[in-house]
Amino acid sequence: NAGVMQNPRHLVRRRGQEARLRCSPMKGHSHVYWYRQLPEEGLKFMVYLQKENIIDESGMPKERFSAEFPKEGPSILRIQQVVRGDSAAYFCASSPADIGGELFFGEGSRLTVL
Amino acid sequence: AQSVTQLGSHVSVSEGALVLLRCNYSSSVPPYLFWYVQYPNQGLQLLLKYTSAATLVKGINGFEAEFKKSETSFHLTKPSAHMSDAAEYFCAVHAGGTSYGKLTFGQGTILTVHP
């Protein structure tokens, strides 16, 4: 049974470019979360989505960041006009419905902004 | 609101020695508490969780943690360290009443195990 799949694993962008990170949840999981890990810090919650719905985006920066989880296909975290401070590891996690806190994480996408 | 403090960003032990990783939390509601482990270049893996049942929780790989409400602590222990335990460990808190996985993580503790 495949786990949470994230791609790309590593992404390099120049300032001003766009970054798109993709996440396919575990089979049977309908809840997707994105977390960001800055250097020397723990993970910070960004957004929680279910199919076609954003449930909680309280951790998302107000500008340049967006997330979606369409009816078909993976969840996408999109960062427009990247800046050096966006360099981080972005982790996707999934869970079945109503299991608070027990998350299954992907291996992360490491974004480097030059 | 919830917060987590992990005391000690780096812990070093000898193989076979006791492992103790400290975690203190703050929560305005009865919390759910978790320990996750992250091996290099991998995602986080759940070690164990406390969800208001038994205060002593046993997890995978011989780890356990004890919930102490009076001390607002949830320290992680293992009686005898193994080289394969070298990793980064994260304590996390969840506001248990909600039905989704919005966790607040500590800063992490890197465990080094010496031969």
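Here, the structure is the one placed above.
Conventions and cut-offs
- Residues numbered from 1 in each chain as written.
- Chains lettered and ligands numbered in written order.
- Predicted model: local features only at pLDDT ≥ 70, side-chain atom pairs only at ≥ 80, totals over all residues.
- Heavy atoms only, no water.
- Disulfide = S-S within 2.5 Å.
- Helix = DSSP H or I, 4+ residues; strand = E, 2+ residues; numbered from the N terminus.
- Buried < 20%, exposed > 50% of the residue type's maximum accessible area, 1.4 Å probe, protein only.

Asks: What exactly am I supposed to notice about the state of the cysteines here?
Replies: Put plainly, two cysteines are in a disulfide when a covalent bond ties their sulfur atoms together. Residue and element names in this part refer to chain B. Tallying each qualifying case throughout the model produces two disulfides over all chains. The disulfide partner of Cys23 is Cys91, and the S-S distance across this bridge is 2.0 Å. The sign of the -65 degrees torsion about the S-S bond sets the Cys23-Cys91 disulfide as left-handed. You can see Cys23 sitting in strand β3 (residues 19–27) and its partner Cys91 sitting in strand β9 (residues 87–95), a full 68 residues away along the chain. Residue Cys91 is classed as buried on the basis of its relative accessible area of 0%.

Asks: It is not clear to me how unusual backbone geometry should be interpreted in this structure. Could you clarify?
Replies: Working note: non-glycine residues mostly have negative phi, and peptide bonds are mostly trans. All names here are of chain A. A cis geometry characterises the amide bond from Asn7 onward to Pro8, with omega recorded as 0 degrees. Looking at the element boundaries, Pro8 is found in the loop between β1 (5–7) and β2 (10–13). The phi dihedral of Glu52 is positive, around 65 degrees, even though this residue is not glycine. Tracing the chain through its elements places Glu52 in the loop between β5 (43–50) and β6 (53–56). Accessibility expressed as a relative area gives 56% for Glu52, which makes it exposed.

Nothing here speaks to function; it is all geometry.
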